[in-house]
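Listed below, chain by chain, are the residues.
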Amino acid sequence: IQLNTDLTQSPGGAAVAELNFCVFAEPAMHATGSALYMALFCADAASLPITEYLVYFRCSSPCSMTSAASWEYLGRLLTPTDAQAATGDDHFQAPALVEANGRTYLLVTPVDTTVGNRYNGCRVYEFSDIDSNQLRRSGGRLIEIMRVDGVSGTHHGACAAYSGLQGGILLSQLEAASALEKFTLYKSQVGLP
């Protein structure tokens, strides 16, 4: 299915048409007994400059993943305005959906566009309701549960985790010390609450 053209359902009233010019990347999925959830990076090419969002979908159980009729668009999960207010960076990328101790979290990477779209660590936000696309906020601003940073000035982020992971949240970091640049995964020793 093509999420940007085939979906018709939006139970919360989000405009499905806002997906029309999305170039999708970096999918994250989370399964519960009642649904499969998916967060995606959307580079919205409807106008220039391109605007980057994180968008959010649900496929209720029993989920027929290859049927557009099974998926619902829940809306924009995070916007550039959210990123700028929360971190000072341009937008968020690299979502991960994680459940730990009965709570569901969104791990995201702020992107610093002043130095060539550099990933700038990871931030952890908690869902207040995963079915209605709601993250915990205070006065409209995201409540940061925790953050994970790599070496300052490097391209680092795109975190991953699961409940009970030894060594905490995983963080990727670009190692450019040699002629061959490579990404290395590190255990952050920062665990989910």
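Shown above is the structure to which this text applies.
Just so it is clear, the model here is predicted, and its values are computed rather than measured. All chains use their own residue numbering, which begins from 1 and follows the written sequence. The predicted nature of this model means local features are confined to residues of pLDDT at least 70 and side-chain atom pairs, given and counted, to a pLDDT of 80 or more, with totals for whole chains, interfaces and linings taken over all residues. Here the side-chain values reflect all heavy atoms present in the structure, with hydrogen atoms and water set aside.

Residues and numbers for the sheet that holds strand S14 (residues 170-175), please.
Strands are labelled as partners when DSSP assigns at least two bridges between them. Put simply, DSSP marks the helices as runs of H or I at least four residues long and the strands as runs of E at least two long, and each gets a number from the N terminus on. The 3 strands are arranged S13-S14-S15 in an open sheet whose pairing can be described as antiparallel. Each of the sheet's edge strands pairs with one partner strand only, and the pair in question is strand S13 (156-160) and strand S15 (182-187). Sheet twist, expressed as the average angle between the axes of neighbouring strands with direction ignored, equals 30°. Judged from the 6 bridges that link them, S14 and S15 form a sheet pairing that is antiparallel. Bridged to Gln173 within S15 is Thr184. Axis geometry follows a simple rule: fit a line to the C-alpha atoms, using only the stretch in contact for helices, then measure angles between N-to-C directions, giving values from 0 to 180 degrees.

I'd like a description of the environment of Gln84, backed by residues and values.
Within the secondary structure, Gln84 is located in helix H2 (residues 80-87). Partly exposed describes any residue whose relative accessible area lies between the buried limit of under 20% and the exposed limit of over 50%, with all areas from a 1.4 Å probe on protein chains only and scaled to the type maximum. The class for Gln84 is partly exposed, based on a relative accessible area of 42%. Spatially, the C-alpha atom of Gln84 lies 9.8 Å from that of Val111, the residues being 27 residues apart in sequence. Beyond its immediate sequence surroundings of up to four residues, Gln84 is in contact with Asp89 and Asp90. Whether two residues are in contact is decided by their heavy atoms, any of which lying within 4.5 Å being enough.

Go over the layout of surface pockets with me, naming the residues and quoting the values.
Definitions used for this entry: grid spacing 1 Å over protein atoms alone; cavity, a set of points where a 1.4 Å probe fits but cannot get out; pocket, an open set with protein on both sides within 12 Å along at least 5 of 7 lines; lining residue, one with an atom within 4 Å of a point. Grid points are joined across faces, edges and corners, and a volume is the space filled by probe spheres set on the points. For the largest pocket, the calculated volume is near 170 Å³. What lines the largest pocket is a set of 13 residues, and nearest its centre among them are Pro27, Ala28, Pro95, Ala96 and Cys159. Of all the elements in the fold, those that place two or more residues in the lining of the largest pocket are strand S1 (22-31), strand S5 (91-100) and S13. Here the lining of the largest pocket takes 5 residues from S5, the largest share from any one element. Nonpolar residues are Ala, Val, Leu, Ile, Met, Phe, Trp, Tyr, Cys and Pro. Charged residues are Asp, Glu, Lys and Arg, and all others, Gly as well, are polar. Considering only residue class, the lining of the largest pocket consists of 12 nonpolar, no polar and 1 charged.

Break down H2 for me, with residues and values.
Taken together, the buried positions of H2 are Pro80, Asp82 and Ala83. Projected down its long axis, H2 carries its buried residues within an arc of 155°, all on one side. On its buried face, H2 is in contact with strand S3 (51-60), strand S4 (71-78), S5, strand S10 (137-138) and strand S11 (141-142). This arc corresponds to the set of directions leading from the helix axis out to the C-beta atoms.

So what's going on with the pairing of strand S2 (residues 35-44)? Which residues, and what values?
By the criterion of burial, S2 is predominantly enclosed, with 10 of the 10 residues buried. Going residue by residue along S2, you find Ala35, Tyr37, Ala39, Phe41 and Ala43 tucked away on one face and Leu36, Met38, Leu40, Cys42 and Asp44 tucked away on the opposite face as well. Where S1 meets S2, 8 bridges bridge the pair, whose relative direction is antiparallel. Across the sheet, residue His30 finds its bridge partner in S2, namely Tyr37. Hairpin geometry of S1 and S2 is characterised by an intervening segment of 3 residues between the two adjacent antiparallel strands. Bridge count for S2 against S3 is 10 bridges, and the pairing is antiparallel. Bridged to Leu36 within S3 is Cys59.

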